[in-house]
Structure formats: structure tokens, C-alpha cells
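Observations on the three-dimensional arrangement
Single-letter residue listing:
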Amino acid sequence: MKWLLSVLLASLVTPAWAQPWKVDYARSEIRFVIKQMNVPVEGGFKRFNVTADFDVAKPEQGMFRVEVDVAGIDTGSDEGDVEARRPAWFDAARHPKAVFVSKNIRRDGPGRFVMTGDLTVKGRTRPLSVPLVLTAQRPGGWLASGRFALKRTDFDIGGGEWADPSVVANDIDGRFKLLLMP
Amino acid sequence: MRDRYGWTLISLHWLTLLLILAAYTLGTLLQDMPLSPTKLKLYAWHKWIGMLVLFLLPLRTLLRWRDGFDHRRDLRPWEASLSGGVHAALYVLMLLVPLFGWLHSSAAGFPVVWFGVLPLPDLVGKDKVLAEVFKELHGSAVNLLVILVVLHAAAALYHHYFRRDGVLARMLPWLRRRT
Ligand code: HEM
């Protein structure tokens, strides 16, 4: 009886998989590269919120949710930042958040996973597959990093006069680094 | 004794003038233009044309040095030094104006892909403060270049209409020499 009680208690205080990881935002980033007149220009998002809920031993059963504040975009120039929030691009007033929710995480080698899920930008939801690499960090915690490819036409970002892909390319090369602390 | 520069130098001289005028016009237009696809195109053309001025410069300097035509032989000593000074300053500015533009572009985080094909290396890493500094230097060097170009052209017209010594005609051989 007594041992059963202690097992039950232990399972309550240390659940089968860990509670969501804390994200060290100061050392995390979501960035992208997009070609403008064939010039690769780097940008990023200054504000985002990540829920990473997984057990390092079994990430397959976990889930990731990333919510990006699109108004916090950094396009590399002030005039670009202003333009990117306008209706032709992200329409930040009507669609303030871009959200990715994982649906499935599959192992793809040691420390490597492929995460598939739904990305919603500007009210349009598209499936997205993201390779994920988990690297143990020295003092503790994990670095979750990866790259992904998007097409801006899939989300109607940069329409109208901006539609011409020879000026601003259709392909967006995204990359992220998230520092997950216990 | 030859009485003019070689054809290549003459062509490079007028080509450079056209390129500088084009870069200057584009740069001035860009200043107050709101962001648009057209602006991005003009930015690109401004940089491509400016870089062409920079890349033609070593060729021009080399040819000028090999040409050896003494264009100051009919000048008084003070005129020769003034002319030499302005010409030297023009060469220095043809180097500095595009170089500062390139440095500004690099520091601002916008690399140059020449004519959309040839990626040029970044001269410095991305740095907002440095970008502002190079932007100012680019603008100041441009202003100085414009002053000197005007002075240079005024001197050429002075030679042509007042001194009538054929100085302009030897850079513009199809112009009839006034006597
Ligand atoms: C002969 C060559 C060039 C000329 C005559 C020229 C002239 C100008 C002029 C008149 C401006 C307007 C703004 C100001 O006065 O501050 C300007 C701006 C600018 N130039 Fe150039 N330029 C040349 C070469 C270049 C090159 C080679 C680059 C880059 C690779 C460049 C990059 C820029 C940039 C980025 C600006 C905009 C600054 C800003 O407002 O953000 N320029 N240039």
C-alpha cells in the first residue's frame, strides 16, 4: 500500500513527460532571408511566443506552438518595416499573429526530427514541414533549431504592385533558434 | 607630337560622365521616394552604375598613366598645378564616392549583386551606426564631386571659348577646333 502511494505521488510531481520548456527569448531568434532584386536580405521577428511541450526522450509525443507578432518584423530597413505591416504585406492590424502548430513530430536520426503542422499567416492556413535539430546545451537546456521554406504567394503577403517576384522573390528562407530551458 | 588622348581614354572619359550623371540623378530621385518596387529597382540600378564607375577607374588610371600625353604643356605653372589638383581630386572622388556607397550598402545589410548576377563581397559587417556614417560620407563626397565636375566643365568651356587653345577639342575630337 505504502509503495503504491509513493509511486502515485511521485508520478504526480514528476509527470510522464516534462511540463512546457521555458524559452530564453534573449538568445532565441526567428529570422528569414528573402531576395530583393536578387540580393539576399536578412530580416527577422522581434517578438514571438513559443510553447514547447515535449519530453527529450520522446519528442514524437510532444508539440510545438509558435506565435509570431508580425508587427515586430525587422526587414533590415525602417521603411521596409513600415511597409511590411501594411495590408499588401502582413496586414498587421487585421492579422496581428502568425501561428505555427505542430501536428506530428517524427524522428529522422539522432537528435533530428521532422515536424509537420499548420502555419497560419494573414488568415491563410497551409501545411508546413520543418526539420528540427535538438542539441543539448552545456549548462542545461536544449537548442531547438531548424530551417524552413515558404512561398509568400501562399499567404498573399506582398500582393498588388509587389507581386513581381523578380523584385521581391517569392521564396522565403526561414530559420530559427530556440533556447529551451528546464 | 600627339595633340590628343587615345580613343579608349576619350571614350572612358565620356562614358564616366554619363555614368556619374545617371547615378547622381537616380540617387537624388531615390532620396524622397516612398518605398515601392520601382524604388528597389532604381536603388539597384544606382548601385550597379556606381560600381561600374568604380571598376572602370583602375583601367582608366592605367591607360592615363601609359598614355603619357602632356596636356599641361601650354599652361602657366599656377594653371598647371590647379588643373593637376582638380584632376587628381576627381580621380580620388571617383574612387571614394562609389566606395562609400558600397560601404554604406554593406553596413546597412544590403549586399550588392552587380547587375543582379555577380554577388560582390560585403566590405564591412552589418552595423547601423557605421551605415549612417558611410551614408553621410557618401553624400558629402557626392557634393564635392559635383562641385569639382562643374569646375572641371567650366574650365573646359573657358579653354574652348576664351583661350581657344583646343583643350576641349582634344577630348571631343569631332568638335571643330575654334581658332
Ligand atoms: C559615381 C557613383 C555614384 C554617385 C554619383 C552617387 C550619387 C548619389 C547621390 C546623389 C545620392 C543621394 C543622397 C545623398 O546625397 O546623400 C546617393 C545615395 C545613395 N547611394 Fe550613391 N552614388 C554613387 C555610387 C554608389 C554606389 C556604388 C553605391 C552602392 C554600392 C551607392 C549607394 C547609395 C545608397 C544606398 C544611397 C542612399 C542613401 C540613403 O538615402 O539611404 N552609391 N548616391
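Anyway, here's the lowdown on the structure attached to this text. (Residues numbered from 1 in each chain as written. Chains lettered and ligands numbered in written order. Predicted model: local features only at pLDDT ≥ 70, side-chain atom pairs only at ≥ 80, totals over all residues. Heavy atoms only, no water.)

Focus: the coordination of the iron atom of the ligand
All names here are of chain B.
- Every protein donor of the iron atom of the ligand is listed here as His46 (NE2) and His138 (NE2), and their distances to the metal cover 2.0 Å.
- In this structure, the iron atom of the ligand is coordinated by 6 donor atoms arranged in octahedral fashion, with angles at the metal of 86 to 179 degrees. In this pair, His46 is assigned in helix α2 (residues 37–67) and His138 in helix α4 (residues 128–163), connecting sequence segments 92 residues apart. (Donors = N, O, S within 2.8 Å, 3.2 Å for Na, K, Ca; no water. Tetrahedral: all angles 85-135°; square planar, octahedral: opposite > 155°, others 65-115°. Helix = DSSP H or I, 4+ residues; strand = E, 2+ residues; numbered from the N terminus.)

Things to note about the interface of chain B and chain A
- With 18 residues of chain B in contact, the opposing surface of chain A contributes 19 residues.
- The contact between chain B and chain A buries some 1,400 Å² in all, and 65% of this surface belongs to carbon and sulfur atoms.
- The largest per-residue losses of area from chain B upon contact with chain A belong to Leu35(B), Pro37(B) and Phe110(B), which jointly make up 39% of the total buried on that side.
- The tally of links between chain B and chain A comes to 2 salt bridges. (Contact = heavy atoms within 4.5 Å. Buried area = accessible area lost by both parts, 1.4 Å probe. Salt bridge = Lys/Arg side-chain N within 4 Å of Asp/Glu carboxyl O.)

Section: the site of the ligand
Residue and element names in this part refer to chain B.
- Gly27, His46, Gly101, His104 and His138 are the nearest of the 22 residues found near the ligand.
- For the ligand, a nitrogen atom lies 2.7 Å from a polar atom in the side chain of His46.
- His138 places a polar side-chain atom, nitrogen or oxygen, 2.7 Å from a nitrogen atom of the ligand.
- Only α1 (7–31), α2, α3 (77–107) and α4 provide two or more residues apiece to the shell around the ligand.
- Of the residues in the shell around the ligand, the class split is 11 nonpolar, 9 polar and 2 charged. (Near = heavy atom within 4 Å. Polar contact = N/O pair within 3.5 Å; in protein donor to acceptor, adjacent residues only side chain to side chain. Nonpolar A, V, L, I, M, F, W, Y, C, P; charged D, E, K, R; others polar.)

A closer look at the pattern of salt bridges
Residue and element names in this part refer to chain A.
- Scanning the entire structure with this criterion turns up 19 salt bridges over all chains.
- The partner of Arg147 in a salt bridge is Asp173, with the nearest N and O atoms 2.8 Å apart. Of this pair, Arg147 sits in strand β10 (residues 142–151) while Asp173 sits in strand β11 (residues 168–181); the two residues are 26 residues apart in sequence, bridging distant segments of the chain.
- The exposure class assigned to Arg147 is partly exposed, which follows from its relative accessible area of 48%.
- Judged by its relative accessible area of 25%, Asp173 is partly exposed.
- Salt bridges sharing common partners tie together Lys122, Arg124 and Asp156. (Buried < 20%, exposed > 50% of the residue type's maximum accessible area, 1.4 Å probe, protein only.)

Section: the packing of α3(B) against α4(B)
Residue and element names in this part refer to chain B.
- Between α3 and α4, the least distance of the axes is 8 Å, while the angle of their chain directions is 150 degrees. One finds that α3 runs roughly antiparallel with respect to α4. As for how α3 packs across α4, the hand of that crossing is left-handed.
- When grouped by side-chain class, the residues that make up the contact of α3 with α4 number 19 nonpolar, 5 polar and 3 charged. (Axes fitted to C-alpha atoms, helices over the stretch in contact; angles between N-to-C directions. Parallel < 35°, antiparallel > 145°, perpendicular 65-115°, else oblique. Left-handed = near helix turned anticlockwise from the far one by under 90°.)

Things to note about unusual backbone geometry
- Its identity as a non-glycine residue notwithstanding, Asp156(A) has a phi of 55 degrees, on the positive side.
- You can see Asp156(A) is positioned in the loop between β10 and β11.
- The exposure class of Asp156(A) is partly exposed, given its relative accessible area of 33%.
- The phi dihedral of Phe115(B) falls on the positive side, at around 50 degrees, and the residue is not glycine.
- Its place among the elements puts Phe115(B) in the loop between β1 (113–114) and β2 (118–119).

Observations regarding the pairing of strand β2 (residues 29–36) of chain A
All names here are of chain A.
- Most of β2 sits inside the fold, with 6 of its 8 residues counted as buried.
- Relative to strand β3 (residues 39–45), β2 runs antiparallel, the two being bridged by 7 bridges. Across the sheet, Val33 pairs through a bridge with Glu42, a residue of β3.
- In sequence, β2 turns back onto β3 through a hairpin of 2 residues, with Met37 there showing a positive phi of about 55 degrees. (Pairing = 2+ DSSP bridges.)

Points about the packing of aromatic side chains
Residues and elements named next belong to chain B.
- Enumeration according to the criterion identifies 15 aromatic pairs over all chains in this entry.
- Note on Trp45 and Phe115: the rings are 5.9 Å apart at their centroids and 75 degrees apart in plane angle, and the pair reads as edge-to-face. Of this pair, Trp45 sits in helix α2 while Phe115 sits in the loop between β1 and β2, and the two are 70 residues apart along the sequence.
- What makes Trp45 partly exposed here is its relative accessible area of 40%. (Phe/Tyr/Trp six-rings, centres within 6.5 Å; stacked < 30°, edge-to-face > 60°.)

Things to note about the side chain of Ser105(B)
- For Ser105(B), the position within the fold is in helix α3.
- Apart from the residues within four sequence positions on either side, Ser105(B) is in contact with Lys47(B), Phe110(B), Pro111(B) and Val112(B).

Considering the pairing of strand β7 (residues 97–107) of chain A
All names here are of chain A.
- Two strands pair when backbone bridges link them, and strand β5 (residues 58–69) and β7 are joined in this way by 5 bridges, in the antiparallel orientation. Pairing of Val66 across the sheet is with Phe100, part of β7.
- Of the strand pairs in this sheet, β7 and strand β8 (residues 112–121) are connected by 8 bridges, and their pairing is antiparallel. Of the residues in β8, the one forming a bridge with Val99 is Thr120.
- Here β7 folds back onto β8 in antiparallel fashion, the turn holding 4 residues, of which Gly109 has a positive phi close to 125 degrees.

A look at empty space enclosed by the protein
- Tallied over the full model, the rule gives 1 cavity of 30 Å³ or more.
- Put simply, the largest cavity is a space of about 30 Å³.
- Across the lining of the largest cavity, the residue classes tally to 2 nonpolar, 1 polar and 5 charged. (1 Å grid on protein atoms, 1.4 Å probe; cavity = no way out; pocket = protein on both sides within 12 Å on 5 of 7 lines; lining within 4 Å. Points joined across faces, edges and corners; volume = space filled by probe spheres on them.)

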